[in-house]
Amino acid sequence: MKISVIIPVFNEQNTIDETINRISAHEIIVSDCNNATNDAITAQNIIKITSKQGRSAQMNSGAKYATGDVLLFLHADTVLPENWHSLIENALKNADYGAFSLGIDNKRPIYRIIEALVNLRTRITRIPYGDQAIFMKKEHFKGYEDYPLFEDFRLMQDAKRAGLRFALIKDRVKTSARRWEKEGVMRTTIRNWLITIRYLTGTHPAELKRYYGDGR
């Protein structure tokens, strides 16, 4: 099974080589919007493309270049388990899309609670978030909506509504805690819950973006 890893980036020049070097994949596509990250890449055999700004646009552009049977959308600050490739292959024997369980790269106990709540929610709803490294068989990928927020949520909603089979891998990714640490754990968590509720009750993501800030 050939897996194309698509990494949307924006000013990740300080960490991008480290992210790439942790991955052993058939195809790695880095989708940048201002070329600052692409220009900093020293790793070889990487497909570097330029897209308009916005994670949804960057991931859609990356998917157009992908030649793999499976698309894996990876945030630049998220680390995959060492055996991620075989885990995805096994998961997709009986599923069409999925994600990894969430792990947060910080030892503070509060993050263990957040991890547990997120992973419980994912098992119940079958709707993971982007920092859980979403993957999908390419034949089922219809593209991300042009949203400034919740583009991953909407993709997963559409997959669920289409009757596609979901797999949550028990092994965890490790995603950076930098936003929680910068803005405050409780403040960030409560804000995320509130804007999710507003999205689910019909508020368009373009309006919600102002509450989320410019961290994307």
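Check the entry above for the structure.
Residues numbered from 1 in each chain as written. Predicted model: local features only at pLDDT ≥ 70, side-chain atom pairs only at ≥ 80, totals over all residues. Heavy atoms only, no water.

A. The environment of D17, seen in detail. On the secondary structure map, D17 appears in helix α1 (residues 16-21). A residue is classified by how much of its surface remains accessible, and D17, at 18% relative accessible area, is buried. Remark: the alpha-carbon pair of D17 and T42, spanning 25 residues in sequence, is separated by 6.7 Å. Leave out the neighbours within four places in its chain, and D17 touches A40, I41, T42 and A43. (Helix = DSSP H or I, 4+ residues; strand = E, 2+ residues; numbered from the N terminus. Buried < 20%, exposed > 50% of the residue type's maximum accessible area, 1.4 Å probe, protein only. Contact = heavy atoms within 4.5 Å.)

B. Summary view of the sheet that holds strand β4 (residues 70-73). The mixed open sheet is built from seven strands, whose spatial order is β3-β2-β1-β4-β7-β6-β8. Edge positions in the sheet fall to β3 (47-50) and β8 (166-172), since each has one partner strand and no second. Here the average twist between neighbouring strands, direction ignored, is 20 degrees. Relative to β3, strand β2 (residues 27-32) runs parallel, the two being bridged by four bridges. Note on β3: the bridge partner recorded for S31 is I49. The strands that helix α3 (residues 55-65) touches are β1 (3-8), β2, β3 and β4; relative to β2, the one it contacts most, it runs at about 145 degrees. (Pairing = 2+ DSSP bridges. Axes fitted to C-alpha atoms, helices over the stretch in contact; angles between N-to-C directions.)

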